[in-house]
Amino acid sequence: MEKESHGLIIGISIGVVIGVLLAITAFVCFRRYHRRRPQIGNSSSRRAATVPIRANGVDTCTVLSDSSIGTESPKSIQNGMSLWLGSVRKSNVVSASGILEYSYKDLQRATYNFTTLIGQGAYGSVYKAQMSTGEMVAVKVLATDSKQGEKEFQTEVSLLGRLHHRNLVNLVGYCAEKGQHMLIYVYMSRGSLASHLYDEKLEPLRWDLRVQIALDVARGLEYLHDGAVPSVVHRDIKSSNILLDQSMRARVADFGLSREEMVSKHASNIRGTFGYLDPEYISTRSFTKKSDVYSFGVLLFELIAGKNPLQGLSEYIELAAMTTDGKGGWEEIADSRLDGKYDLQELNEVSALAYKCVNRAPKKRPSMRDSVQVLSRIIKSRHERKRHTHSSSATTEEVTINVEQLDHRSPTSGHQRVESIDSTADSCEV
Ligand SMILES: Nc1ncnc2c1ncn2[C@@H]1O[C@H](COP(=O)(O)OP(=O)(O)OP(=O)(O)O)[C@@H](O)[C@H]1O
């Protein structure tokens, strides 16, 4: 009997110990699982770091997830993963970033065997493609013999996947197959800003559109500088890297050069495009956010003057600056294609901002946030002026109509109506 009760106690004890061990194991697994999820987003490694998005100037936020598995093509690349694409593909992880891996065959079909060429850049050709979903995209095929292209490919895939903003040309997919590297972007149906400024076959850009484009670009850059963590320096702001959508809203394209800045602040070769390059960067080899501000200033002058920076724009600006008094006098550089149709005050304000951006001393240049504020203010006051003019002319029209209508009725009631309309006019002016 005693033996039996001993056996029972031992049995119960073993059972309790096993139960406790099982509970501890389950608890540890549960905690590990929950810790791992944010790790992807908060890695201290630069390469694996994600780009959380601040509320300012931002419309979407990439939420990272490693929760689902996908085997179908196209596959998604996980945000915040290693630059080594091979490992990403093998890991077969899907993220909420929406960056998809397309097969070479699909892209070959979508581009009619790469016959739909829309542009040619330093790193390869760009084709228009219609995906099976009906969606239009731009496929950039990187030149296979270009080492820089390879680097750019890895850079853009890992970087752009984490950057989402309404003023950036978002990367939607990629292809790494048959020794080919391709990047798939949102299709920008109106092409580049450069073509609208210089292609005689296209309608000249209206002044109000030019200012809106400047603000769109400023917002895209402000996001890269102040919204992205770690911040991103574009390094190649120029009119051919600004693309326009169907409603002529602008987005900043081509972040290929920016990643290297994050890895090494002092790259040995000078990168960027002649005419837009910050002189301070040329002498110090150190590229900063203020170097992007300089290029943005050149772009603003390009919008104002319709002159290519490769064709002596800076000399032209310096000459004009001698005759300005700091507030006005920039009208002589206005693009002749504008045909005098611009608001002089706006032209002077945008030129003054542009001139500050191209100041030789980086410290004296405004930040992109400052530039956004200046340009938004210009557009806001234009709207207010328009609203005011519209409401006062509408009121005058209304008064005339009502007076005419009332003339046919009794004179007393007519007088009353006009009085009440007059008081509306007063309140509009306030
Ligand atoms: N997403 C897109 N949608 C529509 N057209 C595009 C798109 N991306 C590029 N293009 C077209 O292809 C052209 C070439 O683009 P790409 O970025 O390869 O070179 P680039 O910016 O002109 O020059 P570089 O390579 O020296 O920066 C652009 O000027 C534009 O007309």
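Parameters and conventions
- All residue numbers refer to positions counted from 1 along the written sequence of the respective chain.
- In keeping with the predicted nature of the model, local features appear solely for residues at pLDDT of at least 70, side-chain atom pairs appear and are counted solely at 80 or more, and the whole-chain, interface and lining totals rest on all residues.
- Only the C-beta atom matters for this test: placed from the backbone, it must lie within 6 Å of a molecule or strand for the residue to be near it.
- We count a stretch as a helix when DSSP gives it H or I for four or more residues in a row; a strand needs E for two or more, and each element gets its number in order from the N terminus.
- Think of it as three bins: nonpolar holds Ala, Val, Leu, Ile, Met, Phe, Trp, Tyr, Cys and Pro, charged holds Asp, Glu, Lys and Arg, and polar takes everything else, Gly as well.
- The start and end points of each domain follow an automatic or database-based domain assignment.
- By this rule the span expected of a helix is its residue count minus one, scaled by 1.5 Å.
- With C-beta atoms placed from the backbone, the exposure class of a residue follows from how many other C-beta atoms lie within 10 Å of its own: 20 or more, buried; 12 or fewer, exposed; in between, partly exposed.
- Lines fitted to C-alpha atoms define the axes, with helix axes restricted to the stretch in contact, and inter-axis angles between N-to-C directions lie between 0 and 180 degrees.
- Each angle gets one of four labels, with under 35 degrees taken as roughly parallel, over 145 as roughly antiparallel, 65 to 115 as roughly perpendicular, and the rest as oblique.
- C-beta atoms are placed from the backbone for every residue, and two residues are taken to be in contact when these atoms lie within 7 Å.
- Crossings are assigned a handedness: left-handed for a near helix turned anticlockwise from the far helix by less than a right angle, right-handed for a clockwise turn.

The name given to the protein in an unreviewed UniProt entry is Protein kinase domain-containing protein, with Capsicum baccatum as the source organism.

**Quick word on the site of the ligand**
Neighbouring residues of the ligand: 22 residues in total, closest Gly119, Gly121, Ala122, Ala138 and Met188. Elements that contribute at least two residues to the shell around the ligand include exactly strand S5 (117-121), strand S7 (136-142) and strand S9 (180-186). A breakdown of the residues in the shell around the ligand according to their chemical character gives 12 nonpolar, seven polar and three charged. Three or more residues apiece are contributed to the shell around the ligand by two domains, here domain 1 (75-186) and domain 2 (193-382).

**Focus: helix H9 (residues 289-305)**
Helix length check: H9, at 17 residues, gives a terminal C-alpha distance of 24 Å against a target of 24 Å (1.5 Å per residue), a fit within 8%. Most of H9 is tucked away, with 16 of its 17 residues classed as buried. Where H9 terminates, the next one or two residues include Gly306, which has phi positive at roughly 60 degrees.

**Thoughts on helix H6 (residues 207-227)**
In a regular helix each residue adds 1.5 Å, so 21 residues correspond to 30 Å; H6 covers 29 Å between its end C-alpha atoms and thus fits that length. With respect to burial, H6 is a largely interior element, 17 of its 21 residues being buried.

**A short note on the packing of H6 against H9**
Running from N to C, H6 and H9 cross one another at 170 degrees; their axes reach a closest spacing of 11 Å. In terms of their interaxial angle, H6 and H9 are classed as roughly antiparallel. Here H6 contributes Arg210, Ile213, Ala214, Val217, Ala218, Leu221 and His225 to the contact with H9, which in turn contributes Lys289, Asp292, Phe296, Leu299, Leu300 and Leu303. Of the residues belonging to the contact of H6 with H9, the class tally is nine nonpolar, one polar and three charged.

**What to know about unusual backbone geometry**
A cis geometry characterises the amide bond from Val229 onward to Pro230, with omega recorded as -5 degrees. With respect to the secondary-structure elements, Pro230 resides in the loop between H6 and strand S10 (242-244). Within the chain, Asn113 stands out as a residue other than glycine whose phi angle is a positive 55 degrees. Within the fold, Asn113 resides in the loop between helix H3 (104-110) and S5. Using a count of 10 C-beta atoms within 10 Å as the deciding quantity, one classes Asn113 as exposed.

**Regarding the packing of H9 against helix H11 (residues 344-357)**
Running from amino to carboxyl end, H9 crosses H11 at an angle of 150 degrees, the nearest separation of the two axes being 7 Å. Judged on the interaxial angle alone, H11 and H9 are roughly antiparallel. Viewed along their axes, H9 and H11 form a crossing whose handedness is left-handed. Contacts between H9 and H11 involve Val293, Tyr294, Phe296, Gly297, Leu300, Phe301 and Ile304 from the first element and Leu347, Val350, Ser351, Leu353, Ala354 and Cys357 from the second.

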